[in-house]
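# Reading the structure
What follows is each chain in one-letter form.
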Amino acid sequence: MFFIGIDVSKAKLDCSLLVDVAGSKRKTKSVANSKSGIADLLTWVVKQGIGPTELHAILEGTGVYHESAALALCDAGVTVSIVNPAQVRDFGRGLAVRTKTDGVDSFVLARYGALLNPRAWTPPSAEARLLQALLSRREAIAQDLQRERNRLEKAEATETPDLIRQSIVDSITFHTQQLDKLQQDINDHIDRHPGLKADLDLLQSIPAVGPQVGTQLLAVIQQHAFQSAEQLAAYLGLVPVERQSGSSILGRARLSKAGPARVRAVLYMAAIVAVRYNPHVKSLYERLLARGKSKMAALGAAMRKLVHLCFGVLKTRKPYQVNYAISS
């Protein structure tokens, strides 16, 4: 297997192909971040005497810019791994790499792949990708709507011309209609796909998991191949990080907050409901408070428990059961 590191930007892909895995000999290529650019890259790789099925490409998760490249490479038969940028950065420091350029970054990615052989990425289904796109658009419209409402509040508290105030009101009306339409589109999309519908029904069988939490978690789980509830909780940034060393550093454990903030936000609100109405979460929350944990620490554990319950119902394919004994 040959390893190629690909540093992704909006316009181009900087690639480093390891010729000697044990050493640092490499060949480099820069192509456009487009379908034609991927075709040029694969043609170049073949000229090096390497077939697509012999190639393992390592990319960082960079928002949306890596997605089309990763999908095109997978379609061509290339093994693709999408890795955490923070882990690659730490790996580069371990190699004593001080320089920060696109070419060096791609080389570090290639070395990371060769030494650690990260797990292959499985592309999400088309319906999962569309669900994520719809949810992202809904989030963007909701933020725009909140900004316009804030502007209206400020306009009503000051001497604002009627034309400006009416413009803001019209904008609020438009964004509200768009938000309602997007929500209907999301509901229709889930209803059209029995697999998504069945998973959402299982998630919503859990007390405190409603449509908002359910759809957000559904999109995350459909986008990634999590092997355990712990992996899902870690991805969402719900794993406590200790800060203790000797007798001088005794920091309080805090959530890593390494994953998507928007999902943690809806999980936080769900946890507030769950500590009152979900038997398993309520029991855990009260037990932690009795042991002297702070309310925020106990709520963090409640969020993590909800995620474990969500993973559990999807794995067992059974709705939530109030009397089911689940370890905390």
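Up top is the structure these notes are about.
Now for a look at the structure at hand. (Residues numbered from 1 in each chain as written. Predicted model: local features only at pLDDT ≥ 70, side-chain atom pairs only at ≥ 80, totals over all residues. Heavy atoms only, no water.)

### Focus on the packing of helix α7 (residues 194-204) against helix α12 (residues 295-316)
As a packed pair, α7 and α12 sit with axes 9 Å apart at the nearest point and diverge in direction by 135°. Classed by the angle they form, the pair α7 and α12 counts as oblique. The two elements α7 and α12 meet at a crossing, and its hand is right-handed. Listed contacts from α12 to Asp-199, Leu-202 and Leu-203 of α7 are Cys-310, Val-313 and Leu-314. Of the residues assigned to the contact of α7 with α12, the class counts are five nonpolar, no polar and one charged. (Axes fitted to C-alpha atoms, helices over the stretch in contact; angles between N-to-C directions. Helix = DSSP H or I, 4+ residues; strand = E, 2+ residues; numbered from the N terminus. Parallel < 35°, antiparallel > 145°, perpendicular 65-115°, else oblique. Left-handed = near helix turned anticlockwise from the far one by under 90°. Contact = heavy atoms within 4.5 Å. Nonpolar A, V, L, I, M, F, W, Y, C, P; charged D, E, K, R; others polar.)

### Examining the sheet that holds strand β5 (residues 79-83)
Across the sheet, five strands lie side by side as β3-β2-β1-β4-β5; this open sheet has mixed pairing. On the outer flanks of this sheet lie β3 (26-32) and β5, each paired with one strand and no other. Ignoring which end each strand starts from, the neighbouring axes of this sheet average 20° apart. As defined by bridge partners, strand β1 (residues 2-8) adjoins strand β2 (residues 12-18) across five bridges and the pair is classed as antiparallel. Each residue of the ladder has a partner; that of Val-8, found in β2, is Leu-13. Across the sheet, helix α4 (residues 102-116) is in contact with β1, β2, β3, β4 (55-60) and β5; its angle to β1 comes to roughly 140°. (Pairing = 2+ DSSP bridges.)

### A few points about the pattern of salt bridges
By the definition in use, this model includes nine salt bridges. Salt-bridge contacts for Lys-197 lead to Asp-191; the nearest nitrogen and oxygen are separated by 3.6 Å. For Lys-197, the salt bridge goes to Asp-201, with nearest N and O atoms at 3.8 Å. With Lys-197 and Asp-201 both in helix α7 and four residues apart, the pair spans about one turn of that helix. Taking relative accessible area as the criterion, Lys-197 reaches 33% and is therefore assigned partly exposed. (Salt bridge = Lys/Arg side-chain N within 4 Å of Asp/Glu carboxyl O. Buried < 20%, exposed > 50% of the residue type's maximum accessible area, 1.4 Å probe, protein only.)

### A few points about helix α2 (residues 67-75)
Of the positions making up α2, those classed as buried are Ala-69, Ala-70, Leu-73 and Cys-74. Mapping the buried residues of α2 onto a view down its axis gives an arc of 130°, with all of them on the same face. Looking at the buried positions of α2, the neighbouring elements they touch are β1, β2, α1 (35-47), β4 and β5. Positive backbone phi, at 95°, marks Gly-77, one or two positions downstream of α2. (Arc of directions from axis to C-beta.)

### A short note on the nonpolar core
Counting 48 residues, the largest nonpolar core has Ile-206, Leu-232, Leu-236 and Leu-267 as its most contacted members. Those elements that place two or more of their residues in this core are α5 (126-156), α6 (162-192), α7, α8 (211-223), α9 (229-235), α10 (261-277), α11 (279-290) and α12. Sort the elements by how many residues they give to this core and α12 lands first, with twelve residues. In contact with Leu-267, other than residues within four places in its own chain, are Val-213, Leu-217, Leu-236, Leu-238, Met-303, Leu-306 and Val-307. The next biggest cluster of nonpolar side chains, apart from the first, holds 22 residues, and it includes Val-31, Leu-42, Leu-73 and Val-78. (Core = buried A, V, L, I, M, F, W, Y, C linked by side-chain atoms within 4.5 Å.)

Any functional reading would require information beyond the geometric quantities listed.
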